[in-house]
Each structure stands twice: as structure tokens, then as C-alpha cells.
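# Working through the structure, step by step
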Amino acid sequence: MKLQLAIDLLDQKEAAKLAQEVEEFIDIVEIGTPIVINEGLSAVEYMSKSVNNTQVLADLKIMDAAGYEVNQAVKFGADIVTILGVAEDASIKGAVEEAHKHGKELLVDMIAVQDLEKRAKELDALGADYIAVHTGYDLQAEGVSPLESLRTVKSVIKNSKVAVAGGITPETIQSVADENPDLIIVGGGIANADDPVEAAKQCRAAIEGK
Ligand SMILES: O=C(CO)[C@H](O)[C@H](O)COP(=O)(O)O
């Protein structure tokens, strides 16, 4: 089981500093969509030059022109790129092909997918490296948790790895780890903690040995 730190609300320099502080506890660092919107792919490049043993994920949430956009993210140093599960199959295929051509991975974000079971089976067959269940900020505000969706997706996929994101904190991560996903994504639970290093350490401890 891997741990990913999602950094959404800092600028590229602050994000790289945070990643360096917690690097020993995480496997993947994400440059979140808001940072890419604010600063572009140079934020991905800056992060990839700032960390040593951590993969860099570019959370582009691609919807179209997928091969081109994956290629751009990879050029700027991304090891993993995200696309939305609601995108067309042609876009998913193009993105998988482009990522794999460069030895990189594609994470499909299931945010807003209505029939999770059906789409997860299709994405699994299309070659997604990760299928990520995700309760976005707008639904977190309504008290929704990603756990039920995690169980649903995990029960139907055969080849892809399963990731989970959405409001996970050092206090709640154990219940998520108990479901045995391949990847747990924590954003604000680490980045907005009073002591991010301690929060990352606690998250690592929860997934250790899983
Ligand atoms: O992609 C995102 C929002 O769209 C976030 O990066 C993801 O939800 C993880 O952050 P948090 O743990 O704070 O929910």
C-alpha cells in the first residue's frame, strides 16, 4: 500500500518545501489541480526537480485531448497523470497509450461517475493503472465519505490498482487502510495540519505493513 500527499493550496515553491519535509513518509507527491491552474506545468517540473525518491503525480483531471495532455505532463516530469473517469473511452485509450509509451502511469479519477461498478469494469479493461474513488471537496462538505465507493470498485476490478481520496486525515486513515486499497491519497489532512511532518508520520504508520 502506498501513500500519496496531495498538495492543492500552496504555490510551487511552498509545495516543494512541504514535499521535502515529509518525503521520507510518502511514496507519491501530487501537484494538485489548483496549483496547475494557477502556475501551469512548470509547478510539476519544479516538484520533480525538488524530490529524490518520490514519484510525482500531475492532477490534471484530463477530459479531452488526452494523449497530448499526458505527453505534456510527462515532458514536465510527471510519473503519473490523472484523467477523469467520465471522459470518453477514446480519451482514456489515448491517455493510457501515451503514458505507457513513456513508461509512466495513468490514474483515473472516478469523481462524478454515476455507475461506479460499470465504469470501473470498463476502465479496468481499458488498461488504467489506478482507478481512484474520490469524494471531492464539494461533496465532502455534505459529509460524504469515499469508503463505500472503495468497496464497490475493489470488488469488480481485476487488473488496475485501486486508490482512494477525499477528506482522509491521520485520525481516519486507519479505517481506510483496513479496506486494503493500493494507494491512499491524503491532501488537507497532512498539508493543512498544525504539524504536517507529524501528520505524515502518523499516516505512514497507519499503512505500514499493509
Ligand atoms: O483532487 C482533490 C480535490 O479535487 C484533492 O487533491 C483530493 O481530494 C485530496 O485532498 P483531500 O484529502 O484534502 O480531500
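Here the structure is a predicted model, which means the values were calculated and not measured. Each chain has its residues counted from 1, running along the sequence as written. With pLDDT at 70 or above as the cut-off, local features in this predicted model cover only qualifying residues; side-chain atom pairs require 80 or more to be listed or tallied, and sums for whole chains, interfaces and linings still use all residues. Computation of side-chain values covers all heavy atoms of the structure but excludes hydrogens and water.

Another point: the environment of Leu-41. Structurally, the position occupied by Leu-41 is in the loop between α2 (33-39) and α3 (42-50). For every residue, the accessible area obtained with a 1.4 Å probe (protein chains only) is divided by the maximum for its type, and the residue is called buried under 20%, exposed over 50%, and partly exposed between those limits. You can call Leu-41 buried: its relative accessible area is 17%. Remark: the alpha-carbon pair of Leu-41 and Gln-72, spanning 31 residues in sequence, is separated by 8.1 Å. Helix and strand labels come from DSSP, where a helix needs a run of H or I of at least four residues and a strand needs a run of E of at least two; each type is numbered from the N terminus.

Let's shift gears to the confidence of the model for the protein chain. Counting all residues, the mean pLDDT for the protein chain is 96, and 99% of those residues have values of 70 or more. Listed scores for the predicted complex are pTM 0.97 and ipTM 0.97. Each residue carries a pLDDT value, the predictor's own confidence for that position, ranging from 0 to 100.

Here the focus is the nonpolar core. Of all hydrophobic cores here, the largest spans 65 residues; its most connected members are Met-47, Ile-83, Ile-173 and Ile-184. Look past the residues within four positions of Ile-83 in its chain and what remains in contact with it is Lys-61, Ile-62, Ala-66, Ser-91, Ile-92, Ala-95, Leu-106, Leu-107, Val-108 and Asp-109. Listed in part, the 11 residues of the second largest apolar core include Ile-28, Tyr-130, Ala-132 and Ile-185. For this analysis, a nonpolar core means a set of buried residues of the types Ala, Val, Leu, Ile, Met, Phe, Trp, Tyr and Cys, connected via side-chain atoms within 4.5 Å. Residue contacts follow a heavy-atom distance rule, with two residues in contact if any of their heavy atoms lie within 4.5 Å.

Only heavy atoms are used to decide nearness, and a residue is near a molecule or strand if one of them lies within 4 Å of it. Near the ligand, the surroundings consist of 13 residues, among which Asp-8, His-134, Gln-140, Gly-167 and Gly-187 are the closest. Distance and chemistry together define a polar contact, namely a pair of N or O atoms within 3.5 Å, with one atom able to donate a hydrogen and the other to accept it when in protein, and with adjacent residues in sequence counting only for side-chain atoms on both sides. Between Lys-61 and the ligand, the recorded distance is 3.1 Å, taken from a side-chain N or O atom to an oxygen atom. A distance of 2.8 Å separates an oxygen atom of the ligand from a polar side-chain atom of His-134. Where accessible areas are quoted, they stem from the Shrake-Rupley method and a 1.4 Å probe; at the residue level, only the protein chains shown are allowed to cover. Protein chains bury 92% of the 370 Å² of accessible surface belonging to the ligand in isolation. Elements supplying a minimum of two residues to the shell around the ligand: β3 (55-62) and α7 (137-140).

Attention now moves to the pattern of salt bridges. Here a salt bridge means any side-chain nitrogen of Lys or Arg lying within 4 Å of a carboxyl oxygen belonging to Asp or Glu. For the structure shown, the criterion picks out 13 salt bridges. Among the salt bridges present, the one from Lys-17 reaches Glu-21, with a minimum N-O distance of 3.2 Å. Here Glu-21 and Lys-17 lie together in helix α1 (residues 12-22), a separation of four residues that amounts to about one turn. Ionic pairing is found between Glu-98 and Lys-101, a salt bridge with its closest N-O pair at 3.3 Å. In this pair, Glu-98 and Lys-101 both sit in helix α5 (residues 89-101), three residues apart, roughly one turn of the helix.

Let's shift gears to the packing of α1 against α3. It is the contact of α1 with α3, at a shortest axis distance of 9 Å, that shows an interaxial angle of 30°. Here α1 lies roughly parallel to α3, going by the angle between them. Judged by the sense of rotation from one axis to the other, the crossing of α1 with α3 is right-handed. Together, Gln-12, Lys-13, Ala-15, Ala-16, Ala-19 and Gln-20 of α1 and Ser-42, Ala-43, Tyr-46, Met-47 and Ser-50 of α3 make up the contact between the two elements. Broken down by class, the residue content of the contact of α1 with α3 amounts to six nonpolar, four polar and one charged. Geometry is summarised by axes, namely lines fitted to C-alpha atoms with helices restricted to the contacting stretch, and by angles between N-to-C directions that run from 0 to 180 degrees. Orientation labels follow simple angle bins: below 35 degrees gives roughly parallel, above 145 gives roughly antiparallel, 65 to 115 gives roughly perpendicular, and whatever is left gives oblique. Note: crossing handedness is left-handed where the near helix turns anticlockwise from the far helix by less than a right angle, and right-handed where it turns clockwise. Lys, Arg, Asp and Glu make up the charged group, whereas Ala, Val, Leu, Ile, Met, Phe, Trp, Tyr, Cys and Pro make up the nonpolar group; the residues left over, Gly among them, are polar.

This part covers unusual backbone geometry. Glycine aside, a negative phi is what most residues show, and trans is what most peptide bonds show. Although it is not a glycine, Ala-65 sits at a positive phi angle of roughly 50°. Despite not being glycine, Asn-180 has its phi angle at roughly 55°, a positive value. Among the secondary structure elements, Asn-180 is positioned in the loop between α9 (173-177) and β8 (183-186). The class of Asn-180 is partly exposed, set by a relative accessible area of 40%.

The next subject is the sheet that holds strand β7 (residues 161-165). For two strands to be treated as a pair, DSSP must find at least two bridges joining them. Taken in spatial order, the eight strands of this closed barrel run β1-β2-β3-β4-β5-β6-β7-β8, and their pairing is parallel. If you compare each strand with its neighbour and ignore which way they point, the axes differ by 25° on average. The pairing of strand β6 (residues 130-134) with β7 spans five bridges and is parallel. By the bridge assignment, Ala-132 is partnered in β7 with Ala-163. Where helix α4 (residues 66-75) meets the sheet, it contacts β3, β4 (80-84) and β5 (105-109), and its direction lies at approximately 150° from that of β3.

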